[in-house]
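These are the residues of each chain, in order.
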Amino acid sequence: MTFKLACVAALSLLASGASAAVMDFETASTGGCQVSAGGSLDGFTFAGTSSGSTYSSGFNNTTSCSFLAPTAKSGSQFVTNYNSRLGGMEHDTDVFSLNSLWVRADERVGASTVEFIGYSGSLGSAIAYSMTVDITNVWSEVIFSGWDNLKSFAWDAISPGSSNISIDDITYVTGSPAAVPLPAGLPLLLAGLGAIGVAGRRQKARKA
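Residues numbered from 1 in each chain as written. Predicted model: local features only at pLDDT ≥ 70, side-chain atom pairs only at ≥ 80, totals over all residues. Heavy atoms only, no water.

Caption draft 1: View of unusual backbone geometry. Residue Ser159 is joined to Pro160 through a cis peptide bond whose omega torsion reads -10 degrees. Note on placement: Pro160 falls in the loop between strand S11 (152-159) and strand S12 (166-174). Even without being glycine, Phe25 reaches a positive phi, approximately 70 degrees. Mapped onto the elements of the fold, Phe25 is located in the loop between strand S1 (21-23) and strand S2 (39-41). Positive phi outside glycine occurs at Asn149, with the angle close to 55 degrees. Among the structural elements, Asn149 can be located in strand S10 (residues 140-150). (Helix = DSSP H or I, 4+ residues; strand = E, 2+ residues; numbered from the N terminus.)

Caption draft 2: Layout of the pattern of salt bridges. Tallied over the full model, the rule gives two salt bridges. Across the pair Glu107 and Arg104 runs a salt bridge whose closest N-O atoms are separated by 2.6 Å. What makes Glu107 partly exposed here is its relative accessible area of 34%. Put simply, Arg108 and Asp106 hold a salt bridge, and the shortest N to O gap is 2.7 Å. Taking relative accessible area as the criterion, Asp106 reaches 0% and is therefore assigned buried. (Salt bridge = Lys/Arg side-chain N within 4 Å of Asp/Glu carboxyl O. Buried < 20%, exposed > 50% of the residue type's maximum accessible area, 1.4 Å probe, protein only.)

Here it is as structure tokens:
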């Protein structure tokens, strides 16, 4: 193994970190087409009508809600915002990083514009991130780069405002991003590789 390859192999040990979770809504309790019932899933609380008039959402399935979304991205369940309100979710105990999700416009409406909003606190608090995306009634993936340290997240149908936007397969990591600690023996390994590299260069210089 060359010195360069050895360094690459050693540094690759730093790549391990927290694993992302995927919320696919398959274990959520649904009953009829609930676009405003709210509920809890995987450590998050989804805003329902009791949360007020701004945020409202509910878990749904393709059997009861085929007129909104005849398919889910995976399985048969998803979450939808209530008509003319924002869908909203808040972690119960921690902050989280949002990596990606799949989104679909209302089957009855078609092409829509949706705004995604990340909050540093509870729903409606200081906005940390926002992004507007044009979508259709075909499932499409949205990537969130650097959306870290969120406490809550919302999506809003801004055109047309009456559209029910469906969300599925949310990928996230719980907790604040942190530097991965070095394995105990890695500093010594890197120091040794550095010494080998210096010795190799000196030997080449003597041969030249």
